[in-house]
Amino acid sequence: MTDRTDGSNLGPGMSMEGTLLQTMGIVVTEATADRVVATMPVKGNTQPYGLLHGGASCVLAESLGSIGSALHAATYGKVAVGVDINATHHRAVRDGLVTGVATPIYLGRTTTSYEVVITDDRDKRVCTARITCQLIQAPPGS
């Protein structure tokens, strides 16, 4: 999948309209259970020192891992909910775009885990994160 700024074809019930992803300028460019890729601008997602906010990196990482998990969960008629995330911030970024790439560590019937590597415009690693999702039956009305 390419250029999915609207979230189309991300999976059952998923939309980017009115979400935090849209607010933060995250653009998903590839989305399968085996690989999810997106970009996010640094501008507008900084902390008071003008550096990319660590929380913004976590939002990007959790979003990508959750999308991959949801695509995997759909094969079982389930949805994915995040239960754990951790992140190590390696270097500061002041401008440009960062790119996140999520790849599965484990794809099970009840849980998934993804590693998310975030890099800057120079392909330098900015952050490494891991997210675990639980796969549950879809809540009524979802």
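In case you missed it, the structure is sitting above this.
Residues numbered from 1 in each chain as written. Predicted model: local features only at pLDDT ≥ 70, side-chain atom pairs only at ≥ 80, totals over all residues. Heavy atoms only, no water.

Novice: Sorry if this is basic, but what is going on with unusual backbone geometry here?
Specialist: Trans is the common state for peptide bonds, and a negative phi is the common state for residues other than glycine. Residues other than glycine seldom take positive phi values, yet aspartate 123 does so here, at roughly 65°. Examined against the element boundaries, aspartate 123 turns out to sit in the loop between β5 (111–119) and β6 (125–137). (Helix = DSSP H or I, 4+ residues; strand = E, 2+ residues; numbered from the N terminus.)

Novice: Could you clarify how one ought to interpret the sheet that holds β5 in this entry?
Specialist: Strand pairing in a sheet relies on backbone hydrogen bonds. The paired strands run either parallel or antiparallel. As summarised here, the arrangement of the 6 strands in space is β1-β2-β4-β5-β6-β3, forming an open sheet in which the pairing is antiparallel. Strands at the two margins of the open sheet, each flanked by one partner only, are β1 (27–32) and β3 (78–89). Strand-to-strand twist of the sheet, defined as the mean angle between neighbouring strand axes without regard to direction, takes the value 20°. Here β5 runs beside β6; their pairing, made up of 9 bridges, is antiparallel. Following the sheet pairing, glutamate 115 is matched in β6 by arginine 130. (Pairing = 2+ DSSP bridges. Axes fitted to C-alpha atoms, helices over the stretch in contact; angles between N-to-C directions.)

Novice: In this structure, what is going on with the side chain of aspartate 120? I would like to understand it.
Specialist: Looking at the element boundaries, aspartate 120 is found in the loop between β5 and β6. A relative accessible area of 10% places aspartate 120 in the buried class. Within polar-contact distance, the side chain of aspartate 120 engages the backbone nitrogen of arginine 122 at 2.9 Å. A polar side-chain atom of aspartate 120 sits 2.8 Å from the main-chain amide nitrogen of lysine 124. The contact partners of aspartate 120, leaving out residues within four places of it in the chain, are Arg91, Val93, Leu97, Val98 and Val126. (Buried < 20%, exposed > 50% of the residue type's maximum accessible area, 1.4 Å probe, protein only. Polar contact = N/O pair within 3.5 Å; in protein donor to acceptor, adjacent residues only side chain to side chain. Contact = heavy atoms within 4.5 Å.)

Novice: How should I be thinking about the pairing of strand β2 (residues 35–41) in this particular structure?
Specialist: Side-chain direction in a regular strand flips from residue to residue, so the side chains alternate between the two faces of the sheet. The buried fraction of β2 is high, at 5 of 7 residues. Taken together, the 5 bridges between β1 and β2 define a ladder with antiparallel strand orientation. Its bridge partner lying in β2, threonine 32 is registered against arginine 35. Linkage of β1 to β2, two consecutive antiparallel strands, is achieved through a turn of 2 residues. The pairing of β2 with strand β4 (residues 97–107) spans 6 bridges and is classified as antiparallel. Among the inter-strand pairings, threonine 39 is bridged to a residue of β4, identified as threonine 99.

Novice: Please explain the environment of valine 83 as it appears in this structure.
Specialist: Mapping valine 83 onto the fold places it in strand β3. When the C-alpha positions of valine 83 and isoleucine 131 are compared, they lie 7.8 Å apart, and in sequence the two are 48 residues distant. Once residues within four sequence positions are removed from consideration, valine 83 is found in contact with Thr132, Cys133 and Gln134.

Novice: Even after reading the chapter, I still don't get the state of the cysteines, so can you show me in this structure?
Specialist: Each disulfide consists of a covalent bond between the sulfur atoms of two cysteine residues. Within this structure, the stated rule accounts for 0 disulfides. In this model cysteine 58 remains outside any disulfide bridge; the closest cysteine sulfur is found in cysteine 127, 5.9 Å from its own. (Disulfide = S-S within 2.5 Å.)

Novice: Quick question: what am I supposed to make of the nonpolar core here?
Specialist: Note that soluble globular proteins tend to have their nonpolar side chains buried in a common cluster. In terms of nonpolar packing, the biggest core is built from 29 residues, with Met40, Leu52, Leu60, Val98 and Val116 touching the most fellow members. The set of elements that each furnish at least two residues to this core consists of α1 (20–24), β1, β2, α2 (54–74), β4, β5 and β6. Sort the elements by how many residues they give to this core and α2 lands first, with 6 residues. Among residues more than four places away in sequence, those in contact with valine 98 are Ala38, Thr39, Met40, Val42, Leu52, Leu60, Val93, Ile118, Thr119 and Asp120. (Core = buried A, V, L, I, M, F, W, Y, C linked by side-chain atoms within 4.5 Å.)

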